[in-house]
Amino acid sequence: MREQYRSEDFTEKDLAADPMDQFAHWFRQVAGGGTLHEPNAMVVSTADSRGRPSSRTVLLKHYDARGFVFFTHYGSRKGRELAANPCVSLLFPWHPLARQVVVTGTAVRVGREETVAYFRTRPHGSQLGAWASDQSAVIGSRQELVDRYDALVARYPEGEKVPAPPQWGGFRVEPESIEFWQGRENRLHDRLRYTREDPGSGWRVERLCP
């Protein structure tokens, strides 16, 4: 179960000056290529106050010069862990292109206005689902979850405005390092990592051994 990666050169001269510009360039290529289902899927890894890690896949909903934004239930396992320990890692596993992007940084809650604005764009069923699910909490059966959802359907029929749950919202991951990984032949992969210098002084680029 081994694949030989035959990709084009990926060298320092190919990099944008800012890692978020480089991410935007790669993301446009991935999203426009039609080879990946949900190219915005990313693995979010957190750790609790004792350092015990956990990972799950979530969807990136926005990125800009400030970082990467996703939304969740603040009482979920990741929400609780980020409240206790805001250090976080993101992994974009773009295997069909033999590419990965690995982000390490700090998660901060987005403003309530930003959360509500995004919530308004979600499909009606997803809005109700955010209310029905007490994410990561133990539940007795699937039927219990369905009953909660059905009660919400009766309360908020299609077309009626659903308020954003107070326990639900966004996190922005402010990056401290971003690594761009390109698979190459003979496992001589290209790994170029941006690391943030002192505040206001830009980014340092390092090449890592594969």
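Residues numbered from 1 in each chain as written. Predicted model: local features only at pLDDT ≥ 70, side-chain atom pairs only at ≥ 80, totals over all residues. Heavy atoms only, no water.

Engineer: Mind showing me how you'd approach the overall build of the protein chain here?
Structural biologist: Scanning the protein chain for helices and strands turns up 5 helices and 9 strands. Helices (α) and strands (β) of the protein chain occur, in sequence order from the N terminus, as α-β-β-β-β-α-β-β-α-α-α-β-β-β. With the principal axes as the frame, the protein chain shows a C-alpha extent of 55 × 40 × 35 Å. Residue pairs in contact within the protein chain that sit at least 24 positions apart in sequence constitute 64% of those at least 6 positions apart. Surface exposure of the protein chain reaches about 11,800 Å², of which carbon and sulfur atoms provide 50%. Within the protein chain, one finds 29 positive and 27 negative side-chain charges whose respective centroids are separated by 4 Å. (Helix = DSSP H or I, 4+ residues; strand = E, 2+ residues; numbered from the N terminus. Contact = heavy atoms within 4.5 Å. Areas by Shrake-Rupley, 256 points an atom, 1.4 Å probe, with all protein chains shown as cover. Lys, Arg positive; Asp, Glu negative; His and termini not counted. Charge placed at Lys NZ, Arg CZ, Asp CG, Glu CD.)

Engineer: Sorry if this is basic, but what is going on with the layout of surface pockets here?
Structural biologist: Picture a little ball the size of a water molecule; that probe, rolled over the atoms, points out where space is still empty. For the largest pocket, the calculated volume is near 260 Å³. As for the largest pocket, its lining consists of 15 residues, of which Phe71, Thr72, Arg122, Gln135 and Trp168 are closest to the centre. Elements with a minimum of two residues in the lining of the largest pocket: β2 (53–59), β4 (67–73) and α4 (124–132). Residue composition of the lining of the largest pocket, by class: 6 nonpolar, 6 polar and 3 charged. (1 Å grid on protein atoms, 1.4 Å probe; cavity = no way out; pocket = protein on both sides within 12 Å on 5 of 7 lines; lining within 4 Å. Points joined across faces, edges and corners; volume = space filled by probe spheres on them. Nonpolar A, V, L, I, M, F, W, Y, C, P; charged D, E, K, R; others polar.)

Engineer: Sorry if this is basic, but what is going on with the pattern of salt bridges here?
Structural biologist: Two side chains carrying opposite charge are able to pair once their charged atoms lie near each other. Within this structure, the stated rule accounts for 14 salt bridges. Bridged by salt links that share partners, the residues Asp9, Glu12, Arg184, Asp190 and Arg207 form one connected network. (Salt bridge = Lys/Arg side-chain N within 4 Å of Asp/Glu carboxyl O.)

Engineer: Hey, could you run me through the nonpolar core in this one?
Structural biologist: Inside soluble globular proteins, nonpolar side chains tend to come together where they are buried. The biggest cluster of nonpolar side chains holds 30 residues, and the ones touching the most others in it are Phe23, Phe68, Leu90, Phe92, Trp94 and Val101. Those elements giving two or more residues to this core turn out to be α1 (19–33), β1 (41–47), β4, β5 (87–94), β6 (99–109), β7 (168–182) and β8 (190–196). Ranked by residues supplied to this core, first place goes to α1 with 5 residues. If near-sequence neighbours (up to four positions away) are discounted, Leu90 is found in contact with Met42, Val43, Val44, Phe68, Val101, Val102, Val103 and Val173. (Core = buried A, V, L, I, M, F, W, Y, C linked by side-chain atoms within 4.5 Å. Buried < 20%, exposed > 50% of the residue type's maximum accessible area, 1.4 Å probe, protein only.)

Engineer: What is the right way to read the environment of Phe180 from this model?
Structural biologist: In this fold, Phe180 is placed in strand β7. Residues Phe180 and Gly202, spaced 22 residues apart in sequence, show a C-alpha to C-alpha distance of 17 Å. With residues near it in sequence (within four places) discarded, Phe180 still touches Phe10, Pro19, Gln22, Phe23, Trp26, Gln100, Val101, Asp190, Arg191, Leu192 and Tyr194.

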